[in-house]
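A closer look at the structure
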Amino acid sequence: MLMQRTAGALAGRRHAADVEPGREVIHRHAWPVRVTHWINALTLFILVGSGLNILNAHPRLYWGQKGSDFDHAFITLHAWPDWLIVPSYTDLADARHWHFFFAWVLVVNGVVYLLWSLLSRHIQRDLWPTTADLRAIPSSIRDHVLLRHPRGEAAKRYNVLQRLAYLGLLLLVCGMVVTGLAMSPGLDAAAPWLVWALGGRQSARTLHFLFAFSIVLFIAVHLAEVALAGVINEVRSMITGRYTVPRERS
Amino acid sequence: MAIITRRQALIGGLAGGGLLLGSCSKIFQADALTESASFQRVLAAAQAWTLSTQRLLLRRNAMAQEYKPSDISPHFKANGTFNPGGEWYDRQVAERFADWRLRIDGLVTHPLTLSVAELRRLPSRSQITRHDCVEGWSAIGGWTGVPLALLLHAAGVRPSARFLVFYCADNLDGEPSKGGEQSPGQYYESIALEDAMHPQTLIAYDMNGKPLDVPHGAPLRLRVEQQLGYKQAKYIRHIQLVSDFRRIAGGHGGYWEDNGYDWYAGI
């Protein structure tokens, strides 16, 4: 019972009917997490694709306030291929329509998630690492490298690297919104301090790209971990909430 | 158990790989959706949300950042039209725009026609601001010109006026300027009256202390600093105050707007 409580909301409700010897099914993800997760997944996919399409219009990144063909580029990129961009042909006007519509979806979805997660204490309980978690970082890194996934009681809660990765993603998404807004000439007049704090309008644009790149890295690792931990069980737990706890090794 | 995990890993790997190899846009029919008029209307809703949010956040007359002379871009990239060309414009250049007239009419009580020399004698404002192109690059330049609000006060804006339409001498569809205001490809732009009244909104005639050169819009261009580069119309000949721009050219309020770009270019 004590174990149940400390395991947090993730392992909150046990499906009575499923408690049979050797196969424990728990209710892993609350519905607001599941709904916002899939909206977020689709939104990030479209924002990255349309963002790369927008970047094709001028694939050079600078540091500071200004930067164009005549200035020193911080990063020079090539045009992104059609199969990666949204829509699948380079068109700045259309890509901007996609990007700004789904930027709003990202913000609204993110605010809903943040409010629910703070009020339900999901962030405080399931994501914020405990001192014990932080001490376990080295062993958790070793487990991840050896592809050893938690089993039994340990699988009912997020491990410390998961907690840090999810919190990191939250920060990165906030960073995307802030750097995106800092590129707006309208918002620059309303909040010039924001642009200065980021090192200038072109720095904000460069950071916007680097943060997006970090999100793509997160998604790659996230998908790999889902694949390794068991696609069907993991994806089902994010759709229906039901999660089969991997048995302890005997 | 280990076998199932491995099988699941394989399924996951294949699904992930398929997702990466297949065209991102094809998976959810992004191209077909983009071509659909009703879906475009859904996407266009974002423009209205952005406009009303920015109107809410921007205090009236919130000033765009101004920079030091040392911040000025050594090379200010010119874009769009580099030279309107054509016999008529070439003659204007040769005559140093002595015959160029700026006409302000439409929903005003006193239509005005001003030469460049007359504009230069009016009170002016100088500002060093950042020009943000929709493509993503930025350049910093110094501008001197007549505050548009001053010209509008002189012309007397009628209460029904909501927008200003700027007719330019350049044609972006490759044709040299024929002087027609609504011929295909003719550059034009429009802004809201409240943006026109902003103290930083200028009809600029000098750039970095020298008369505007041809690539940057000689002899007159618009500076509306809270918006992107394509709103900064060059080679301006005529400003018309209107209540509605839906009957002008393609009906979207500007050359680039008629080509799919947002009318509100604050982001």
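Keep in mind it's a predicted model, so treat the numbers as computed, not measured.

1. Side note on the overall build of chain B
A tally of regular secondary structure across chain B gives 9 helices and 10 strands. Among the 267 residues that make up chain B, the fraction classed as buried is 42%. Sequence separation of at least 24 residues holds for 71% of the intrachain contacts in chain B that already meet a minimum separation of 6.

2. Some details on the overall build of chain A
On a plain count of helices and strands, chain A comes out with 10 helices and 5 strands. If one aligns the C-alpha atoms of chain A with their principal axes, the spans along those axes are about 70 × 35 × 35 Å. Here the contacts in chain A between residues at least 6 apart in sequence split such that 71% fall between residues at least 24 apart.

3. Here we look at the pairing of strand β7 (residues 202–207) of chain B
Side-chain direction in a regular strand flips from residue to residue, so the side chains alternate between the two faces of the sheet. Residues and elements named next belong to chain B. Within β7, 5 of the 6 residues are buried, which leaves the element mostly enclosed by the surrounding structure. Judged from the 5 bridges that link them, strand β4 (residues 138–147) and β7 form a sheet pairing that is antiparallel. In the sheet register, Trp-143 faces β7, and the bridge partner there is Met-207. In this sheet, strand β9 (residues 221–223) lies alongside β7 in antiparallel orientation, the contact comprising 3 bridges. Bridge pairing in β9 places Leu-202 opposite Arg-223. Of the pairings in the sheet, the one linking β7 to strand β8 (residues 210–211) comprises 2 bridges and is antiparallel in character.

4. Some details on the sheet that holds strand β10 (residues 236–242) of chain B
All names here are of chain B. On the basis of which strands lie adjacent, the open sheet formed by 5 strands has the order β2-β1-β10-β5-β6 and mixed pairing. Strands at the two margins of the open sheet, each flanked by one partner only, are β2 (112–115) and β6 (186–192). Between one strand axis and the next, the sheet turns by 15° as a mean value, whatever way the strands run. By the bridge criterion, 6 bridges tie strand β5 (residues 163–171) to β6 in an arrangement that is antiparallel. Within the sheet, the bridge partner assigned to Phe-163 lies in β6 and is Ala-192.

5. Considering the interface of chain A and chain B
With 43 residues of chain A in contact, the opposing surface of chain B contributes 49 residues. The set of elements that each furnish at least two residues to the side of chain A that touches chain B consists of α2 (31–55), α3 (92–119), α8 (185–190) and α10 (201–239) of chain A. Counting residues per element, the side of chain A that touches chain B draws most heavily on α10 of chain A, which supplies 10 residues. Across the side of chain A that touches chain B, the residue classes break down as 25 nonpolar, 11 polar and 7 charged.

6. Some details on the pairing of β5 of chain B
Residue and element names in this part refer to chain B. Within β5, 9 of the 9 residues are buried, leaving the element largely enclosed by the surrounding structure. Relative to β10, β5 runs antiparallel, the two sharing 6 bridges. Paired with Phe-163 across the strands is Val-242, a residue of β10.

7. Concerning the nonpolar core
Grouped together as the largest cluster of nonpolar side chains are 90 residues, with contacts concentrated most on Leu-164, Val-165, Phe-166, Cys-168, Tyr-188, Ile-203 and Ile-236 of chain B. At 8 residues, the largest contribution of residues to this core is made by α3 of chain A. Among residues more than four places away in sequence, those in contact with Val-165 of chain B are Tyr-188, Ser-190, Gln-240, Val-242, Phe-245 and Ile-248 of chain B.

8. Here's the deal with the domain arrangement of chain B
Domain assignment breaks chain B into domain 1 (31–60) and domain 2 (65–258). In this structure, domain 1 of chain B and domain 2 of chain B have C-alpha centres spaced 25 Å apart.

9. Observations regarding the packing of helix α7 (residues 160–182) of chain A against α10 of chain A
Residues and elements named next belong to chain A. One way to put it is that α7 packs onto α10 with a least axis distance of 9 Å and a crossing angle of 150°. For the element pair α7 / α10, the angle class is roughly antiparallel. In the crossing of α7 with α10, the sense of the turn from one axis to the other is left-handed. Touching Ala-165, Leu-169, Leu-172, Gly-175, Met-176, Thr-179, Gly-180 and Ala-182 of α7 are Arg-201, Ala-204, Leu-207, His-208, Phe-211, Ala-212, Ser-214, Ile-215 and Phe-218, all from α10.

10. A short note on the environment of Arg-221 of chain B
All names here are of chain B. With respect to the element layout, Arg-221 can be found in strand β9. For the pair Arg-221 and Ile-203, spaced 18 residues apart in the sequence, the C-alpha separation amounts to 5.6 Å. Each residue touching Arg-221, except ones within four places of it in the same chain, is listed here: Ala-204, Leu-212, His-216, Gln-232, Ala-233, Lys-234 and Ile-236.

11. Brief notes about unusual backbone geometry
Backbone torsion omega between Val-86 of chain A and Pro-87 of chain A reads -15°, so that peptide bond is classified as cis. Along the chain, the position of Pro-87 of chain A falls in the loop between β4 (75–76) and α3. Geometrically, the link from Ala-218 of chain B to Pro-219 of chain B is a cis peptide bond, its omega value of 0° lying close to zero. Within the secondary structure, Pro-219 of chain B is located in the loop between β8 and β9. Phi is positive for Phe-97 of chain B, close to 60°, though the residue is something other than glycine. Tracing the sequence through the fold places Phe-97 of chain B in the loop between α5 (86–94) and β1 (101–106). According to the C-beta neighbour criterion, Phe-97 of chain B is partly exposed, with 19 such atoms within 10 Å. Positioned with a positive phi, Ala-249 of chain B is a non-glycine residue whose angle comes to about 45°.

12. Digging into the confidence of the model for chain A
When pLDDT is averaged along chain A, the result is 90, and 91% of the positions lie at 70 or above. Low pLDDT (under 50) marks residues 1–8 of chain A, which in the prediction has 8 contacts with non-local residues, meaning those over four places away or in another chain.

13. Quick look at the environment of Trp-80 of chain A
All names here are of chain A. Its place among the elements puts Trp-80 in the loop between β4 and α3. A tally of 17 C-beta atoms within 10 Å means that Trp-80 is categorised as partly exposed. Apart from residues lying up to four places away in sequence, Trp-80 is in contact with Leu-52, Leu-55, Asn-56 and Ile-85.

14. Topic: the packing of α2 of chain A against α10 of chain A
Each packed pair of helices is defined by two parameters, the angle between the axes and the distance between the axes. Residue and element names in this part refer to chain A. Running from amino to carboxyl end, α2 crosses α10 at an angle of 145°, the nearest separation of the two axes being 12 Å. The two elements α2 and α10 meet at a crossing, and its hand is left-handed. Residues Arg-34, His-37, Leu-44, Val-48, Gly-51 and Leu-55 of α2 lie in contact with α10, whose contacting residues are Phe-209, Ala-212, Ile-215, Val-216, Met-238 and Ile-239. Partitioning the contact of α2 with α10 into residue classes produces 9 nonpolar, 2 polar and 1 charged.

15. With respect to helix α7 (residues 148–155) of chain B
Because each turn of an α-helix spans 3.6 residues, side chains separated by three or four positions in sequence point in the same direction. Residue and element names in this part refer to chain B. Every buried residue belonging to α7 is among Leu-148, Leu-151, Leu-152 and Ala-155, and all of these are buried. All buried residues of α7 fall inside an arc of 100° around its axis, so they share one side. Residues of α7 that are buried make contact with β1, β2, β4, α8 (193–196) and β7. Positive backbone phi, at 75°, marks Gly-156, one or two positions downstream of α7.

Thresholds, definitions, all that
Residues numbered from 1 in each chain as written. Chains lettered and ligands numbered in written order. Predicted model: local features only at pLDDT ≥ 70, side-chain atom pairs only at ≥ 80, totals over all residues. Helix = DSSP H or I, 4+ residues; strand = E, 2+ residues; numbered from the N terminus. Buried ≥ 20, exposed ≤ 12 C-beta atoms within 10 Å, placed from the backbone. Contact = placed C-beta atoms within 7 Å. Pairing = 2+ DSSP bridges. Axes fitted to C-alpha atoms, helices over the stretch in contact; angles between N-to-C directions. Nonpolar A, V, L, I, M, F, W, Y, C, P; charged D, E, K, R; others polar. Core = buried A, V, L, I, M, F, W, Y, C linked by C-beta atoms within 7 Å. Domains from an automatic or database assignment. Parallel < 35°, antiparallel > 145°, perpendicular 65-115°, else oblique. Left-handed = near helix turned anticlockwise from the far one by under 90°. pLDDT = per-residue confidence, 0-100. Arc of directions from axis to C-beta.

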